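# Understanding the architecture of this molecule
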Amino acid sequence: MIDLEDHEAGRKYDGYYKKDLKALQARLEKIQVAHAAHKRPAMVMLEGWDAAGKGGIIQRLTAEWDPRFYEVWPISSPTPPEKARHFLWRFWTKLPEAGDIAVFDRSWYGRVLVERVEGYASEAEWRRGYDEINAFEAQMIASGTSVIKLFVHVTQAEQDRRLKARLEEPWKHWKTGLEDYRNREKRGDYLTAMAEMFLRTDTVAAPWTVIDGNDKKSARIAALTHIADRLEADVPMKPPPLAADVAKAAKDAGII
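We now turn to the structure provided with this report. Model, not experiment: these values are computed from the prediction. (Residues numbered from 1 in each chain as written. Predicted model: local features only at pLDDT ≥ 70, side-chain atom pairs only at ≥ 80, totals over all residues. Heavy atoms only, no water.)

## Observations regarding the overall build of the protein
Note the cut-off: Elements are defined by DSSP. Helices are runs of H or I of four residues or more, strands are runs of E of two residues or more, and each kind is numbered from the N terminus. C-alpha atoms define the radius of gyration, and 2.2 Å times the number of residues to the power 0.38 defines the globule rule. With a 1.4 Å probe rolled over the protein chains alone, any residue whose accessible area is under 20% of its type maximum counts as buried; one over 50% counts as exposed, and the rest are partly exposed. Residue contacts are defined here by distance: any two heavy atoms, one from each residue, within 4.5 Å place the two residues in contact. The charged-residue count follows a simple rule in which Lys and Arg add positive charge and Asp and Glu add negative charge, with His and chain termini not counted at all. Taken as the charge location is NZ of Lys, CZ of Arg, CG of Asp or CD of Glu.
Each helix and strand counted, the protein has eleven helices and five strands in total. Relative to the globule expectation of 18 Å for 256 residues, the C-alpha radius of gyration of the protein, 20 Å, shows essentially globular dimensions. C-alpha extents for the protein along the principal axes are approximately 70 × 45 × 35 Å. A total of 256 residues make up the protein; the buried ones form 44% of that total. Here the analysis covers contacts within the protein between residues at least 6 apart in sequence; of these, 81% occur between residues at least 24 apart. Each charge class in the protein can be summarised by its mean position, and for the 40 positive and 40 negative side chains these summaries are 4 Å apart.

## Quick word on the packing of helix α6 (residues 123–142) against helix α9 (residues 187–201)
Quick reminder of the rule: Lines fitted to the C-alpha atoms define the axes, with helices restricted to the stretch that makes contact. Angles between their N-to-C directions range from 0 to 180 degrees. Two helices crossing with the near one rotated counterclockwise from the far one by less than a right angle form a left-handed crossing, whereas a clockwise rotation gives a right-handed crossing.
Between α6 and α9, whose axes approach to 10 Å, the crossing angle comes to 40°. Crossing of α6 over α9 shows right-handed handedness. Note on element contacts: α9 touches α6 through Glu-196, Met-197, Arg-200 and Thr-201, opposite Trp-126, Arg-127, Tyr-130, Asp-131 and Asn-134.

## Here we look at the nonpolar core
What counts is decided by this rule: To define a nonpolar core, start from buried Ala, Val, Leu, Ile, Met, Phe, Trp, Tyr and Cys residues and group those joined through side-chain atoms within 4.5 Å.
In terms of nonpolar packing, the biggest core is built from 58 residues, with Trp-108 and Tyr-109 touching the most fellow members. For this core, the element with the highest residue contribution is helix α10 (residues 216–233), accounting for seven residues. Not counting chain neighbours up to four residues away, the residues in contact with Trp-108 comprise Met-43, Met-45, Phe-87, Leu-88, Phe-91, Ile-133, Phe-136 and Glu-137.

## Structural notes on the environment of Leu-4
Position of Leu-4 among the secondary structure elements: in the segment before α1 (17–37). Separated by 208 residues in the primary sequence, Leu-4 and Asp-212 place their C-alpha atoms 8.7 Å from one another. If sequence neighbours within four positions are ignored, Leu-4 has contacts with Phe-151, His-153, Leu-191, Met-194, Phe-198 and Val-210.

## A short note on the pairing of strand β4 (residues 146–153)
Cut-off, in case you're wondering: Only strands that DSSP links by at least two bridges are regarded as paired with each other.
Taking burial as the measure, the eight residues of β4 include eight buried ones, the bulk of the element. Here β4 shows no split at all, with Ser-146, Ile-148, Leu-150 and Val-152 on one side and Val-147, Lys-149, Phe-151 and His-153 on the other all buried. The sheet contact formed by strand β1 (residues 42–48) and β4 spans seven bridges and is parallel. Residue pairing across strands places Met-43 opposite Val-147, the latter belonging to β4. With five bridges joining them, β4 and strand β5 (residues 208–212) adopt parallel strand pairing. Residue pairing across strands places His-153 opposite Asp-212, the latter belonging to β5.

Coordinates in, geometry out; function isn't part of it.
Here it is as structure tokens:
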């Protein structure tokens, strides 16, 4: 059972943050190369509260990645054409190609979170959504795609502190809007929806990992470490051999 209250300590990072982050990013750079070289696709998905720090985690996750082999998908409200189709359709169109990593800032779990709480989906639709999501993720895994699911959690007090900071800093005004406050007022409803989401979709093949986001540095290191561990486990961490024809061409050119 996942209980979000177990992830609210907010302990300060006790290591050398810049040094440890740099080492993690160097590790993740090699992991991305391994996925590209071995044609292994992966999906990294982050859910969580508004102002929980998902964007900061993604920014540091991809800092040293080759942009040719990853895509970040910020998920917002579906467009009219997307609403006219099954709710998973817009995610099928964003699946990674062989060797690519797709990073989702919010995801298909909107069906059983925001669409449930805000009434955008009928009860029959969001209740059916659990099985549809589990089947979708199982299909991705069965086809050879790694699926990593993180939920970034912050307390109400910490969320309020960050929302206030966005109001006080003009260059952060763009990061906040009325939706932040509508969602805040329904925190209890969201907690209920989250509890059922974890209960119904925390599967053996695609488990949830909750990140305590109350300290940003600790959260970033924890999230990147988990992602690196999971991605590394699903791909051979061995560089492919140099192609014989390339080796011959280099030798003929006097390079080696």
